[in-house]
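Observations on the model geometry
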Amino acid sequence: MHRPQTGCPLRRKRRRMHPVNHQDVPPKPAAPPTAGIPRVPAPAAEPVLHPHMEPQGPRERRPARIDRRKMWIAIFIAVLLAVIGSLVWLALWLRSGPDTGTDSAAAGVLETTATPPATPLPLPREGVQPPDYALGDCFKDFDPEALASTVVPCDTPHSAQLVALYRYPGEESYPGAEALKAKALEACQAARLGPAANDYALNYERSFPSTTSWESGDRRVDCYVTAPGGNVINASVLP
């Protein structure tokens, strides 16, 4: 039978501790060494934005102010060019002038001054045809559409007087009734009346050739002054 040993109880061995000598421990450095360590710049602090603000990018460069002197010079040049253009247009328009028709029509002759005697004497003369009427002639019982009229002295009673006329060139082709009417109106507007015209109630009447009379050589449009009351005029109404 195994019996436990008797005697002194078994004690654990303890490691023998020696006192610590503080002189053998190197002192703790006050701050970490900085020599030889590269410095890294601290990151820039991000701006604190208002909740309703947005981060702004790089500022755009503002355009330099326009030189006021250059601006006024530019305005002056623009106005000057506009004025010159208007003057050029006006000169061209005046040079072109109103439309006077063809060259042959421009060669026509407008007569407003009578050279007496108008119709050969002696007067009265009956059966005078329209192509033979002379400027300043006075007519008894005048009918502008008649194929012949009676020419009388202007100091005797008469009802009409030829005061203006326009002669077309002989080679001119028939221009049409409307063109002839317009030309006769121009002749009436150009007529010059004397003081005696104020003593009577007068009207203007126009006469122009038909296609048949044009083919026979009639190239004239006439302007007359007429008295509505008949043969009541007793003087020439021309100057």
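Residues numbered from 1 in each chain as written. Predicted model: local features only at pLDDT ≥ 70, side-chain atom pairs only at ≥ 80, totals over all residues. Heavy atoms only, no water.

What follows concerns the overall build of the chain. Along its length, the chain carries 4 helices and 7 strands. From first element to last, N terminus to C terminus, the chain shows the α and β order α-α-β-β-β-β-β-α-β-α-β. Residues counted as buried form 23% of the 239 residues belonging to the chain. For the chain, the share of sequence-separated contacts (at least 6 apart) that also reach a separation of at least 24 residues comes to 64%. Of the roughly 19,800 Å² of accessible surface on the chain, a fraction of 57% belongs to carbon and sulfur atoms. (Helix = DSSP H or I, 4+ residues; strand = E, 2+ residues; numbered from the N terminus. Buried < 20%, exposed > 50% of the residue type's maximum accessible area, 1.4 Å probe, protein only. Contact = heavy atoms within 4.5 Å. Areas by Shrake-Rupley, 256 points an atom, 1.4 Å probe, with all protein chains shown as cover.)

To continue, consider the pattern of salt bridges. Using the criterion set out here, one finds 4 salt bridges in the structure. For Arg167, the salt bridge identified is with Glu111, shortest N-O distance 2.8 Å. Placement of the pair is Arg167 in strand S5 (residues 160-167) and Glu111 in strand S1 (residues 109-111), with a sequence separation of 56 residues. A salt bridge links Glu186 to Lys183; its shortest N-O distance comes to 3.2 Å. Taken together, the positions of Glu186 and Lys183, both in helix H3 (residues 177-190) and 3 residues apart, correspond to about one turn of that helix. For Glu186, a relative accessible area of 43% gives the class partly exposed. Exposure remark for Lys183: the relative accessible area of 18% places this residue in the buried category. (Salt bridge = Lys/Arg side-chain N within 4 Å of Asp/Glu carboxyl O.)

Moving on, we get to the nonpolar core. If you look at the biggest cluster of nonpolar residues, it comprises 12 residues: Val163, Ala164, Ala187, Cys188, Ala191, Ala197, Cys223, Val225, Ala227, Ile233, Val237 and Leu238. Listed by contribution, the elements that provide at least two residues to this core are S5, H3 and strand S7 (220-226). With sequence-adjacent residues up to four places away left out, Ile233 is seen in contact with Thr156, Pro157, His158, Ser159, Ala160, Tyr200, Leu202 and Ala227. Core analysis: the next-biggest nonpolar cluster, separate from the first, contains 10 residues, Val128, Phe142, Ala160 and Tyr224 among them. (Core = buried A, V, L, I, M, F, W, Y, C linked by side-chain atoms within 4.5 Å.)

With that out of the way, let us pick up a nonpolar patch on the surface. Taken together, the side chains of Ile73, Phe76, Ile77, Leu80, Leu81, Ile84, Val88 and Leu92 define a hydrophobic patch exposed on the protein surface, amounting to about 770 Å² of accessible area. Tracing the sequence through the fold places Ile84 in helix H1 (residues 68-96). On the basis of relative accessibility, which here comes to 42%, the residue Ile84 falls in the partly exposed class. (Patch = residues over 30% accessible without salt bridge, like charges linked within 9 Å, V, L, I, M, F, W, Y side chains within 5 Å.)

Glancing now at the environment of Gln189. As for its position among the elements, Gln189 is in helix H3. Since its relative accessible area comes to 61%, Gln189 is described here as exposed.

Within this structure's numbering, the places UniProt gives as "transmembrane region" (unreviewed entry) are residues 71-94. Split by type, residues 71-94 is 100% helix and 0% strand. Its first and last C-alpha atoms lie 35 Å apart. (UniProt positions renumbered as here; feature names shortened; annotations may be inferred.)

A few words on the confidence of the model for the chain. Chain-level statistics for the chain give a pLDDT mean of 78 and a share of 66% at 70 or above. Contacts of residues 1-20 to residues separated by more than four positions or lying in other chains number 0 contacts, the stretch itself having pLDDT below 50. Across residues 97-105 the pLDDT falls below 50, and counting only partners more than four positions away or on other chains, this stretch makes 6 contacts in the model. (pLDDT = per-residue confidence, 0-100.)

It is worth spelling out the packing of aromatic side chains at this point. One pass over the full model with this rule turns up 7 aromatic pairs. An angle of 40 degrees between the planes, with centres 5.2 Å apart, marks the rings of Phe139 and Phe142 as tilted. Each member of the pair, Phe139 as well as Phe142, carries the same accessibility label: buried. One aromatic cluster is present, built from ring pairs that chain together Tyr133, Phe139, Phe142 and Tyr224. When the ring centre of Tyr166 is taken as reference, the NZ or CZ atom of Lys183 above it lies at 4.7 Å. (Phe/Tyr/Trp six-rings, centres within 6.5 Å; stacked < 30°, edge-to-face > 60°. Lys NZ or Arg CZ within 6 Å of the ring centre and 35° of its normal.)

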